[in-house]
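Descriptive analysis of the structure
Each chain, letter by letter, is given below.
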Amino acid sequence: MYKVEIYEDEYGDSELKDWLRELKRRKNHGIKEARIVLNQIHYCIERIKWEGTYVPGQIAKHIVDDIWELRPDKYRVMFFQVKEGRFILLNHFRKETQKTPPKQIRKAIQLRDDWNKRNH
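Residues numbered from 1 in each chain as written. Predicted model: local features only at pLDDT ≥ 70, side-chain atom pairs only at ≥ 80, totals over all residues. Heavy atoms only, no water.

Empty space among the atoms becomes apparent when a probe as large as a water molecule is rolled across them. Here the largest pocket defines a volume of roughly 250 Å³. Residue lining of the largest pocket: 15 residues in total, with I6, L20, L38, H42 and I45 positioned closest to the centre. Of all the secondary structure elements, the ones that give two or more residues to the lining of the largest pocket are β1 (3–6), α1 (15–28) and α2 (32–51). Among the elements that make up the lining of the largest pocket, the one with the highest residue count is α2 (six residues). Here the lining of the largest pocket is built from residues that sort into seven nonpolar, two polar and six charged. Approximately 170 Å³ is the volume found for the second largest pocket. Around the second largest pocket, the lining residues are Y7, D9, D13, S14, E15, L16, L90, N91, K107, Q110, L111 and D114. Among the elements that line the lining of the second largest pocket, the one with the most residues is helix α3 (residues 102–119), at four residues. Here the lining of the second largest pocket is built from residues that sort into four nonpolar, three polar and five charged. (1 Å grid on protein atoms, 1.4 Å probe; cavity = no way out; pocket = protein on both sides within 12 Å on 5 of 7 lines; lining within 4 Å. Points joined across faces, edges and corners; volume = space filled by probe spheres on them. Helix = DSSP H or I, 4+ residues; strand = E, 2+ residues; numbered from the N terminus. Nonpolar A, V, L, I, M, F, W, Y, C, P; charged D, E, K, R; others polar.)

The structure is reproduced here in structure tokens:
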């Protein structure tokens, strides 16, 4: 089984954690879409915990180098695998086009590089 963590910057901040907290808050206020998205995110995370990147393409897709994306519904969560059998979730965005926006790929690479610099 793999371990999944969420990227935090050097100050402990994380856009992804903030977004997940906001989804949870909205879910707790009865907003159906937030509940559905959270459930889909949790499902995708559970699949990579058990199967790594050997999940079907509907769950996770390789993007570039060691950067992958989780694919819950209309959203994407970028991540990479650390050699010790861990996955680090980096950033998220709402899918609006067929291709992953280069800006989001660059952001994921920047966050990965920052994480590697501070953790190796």
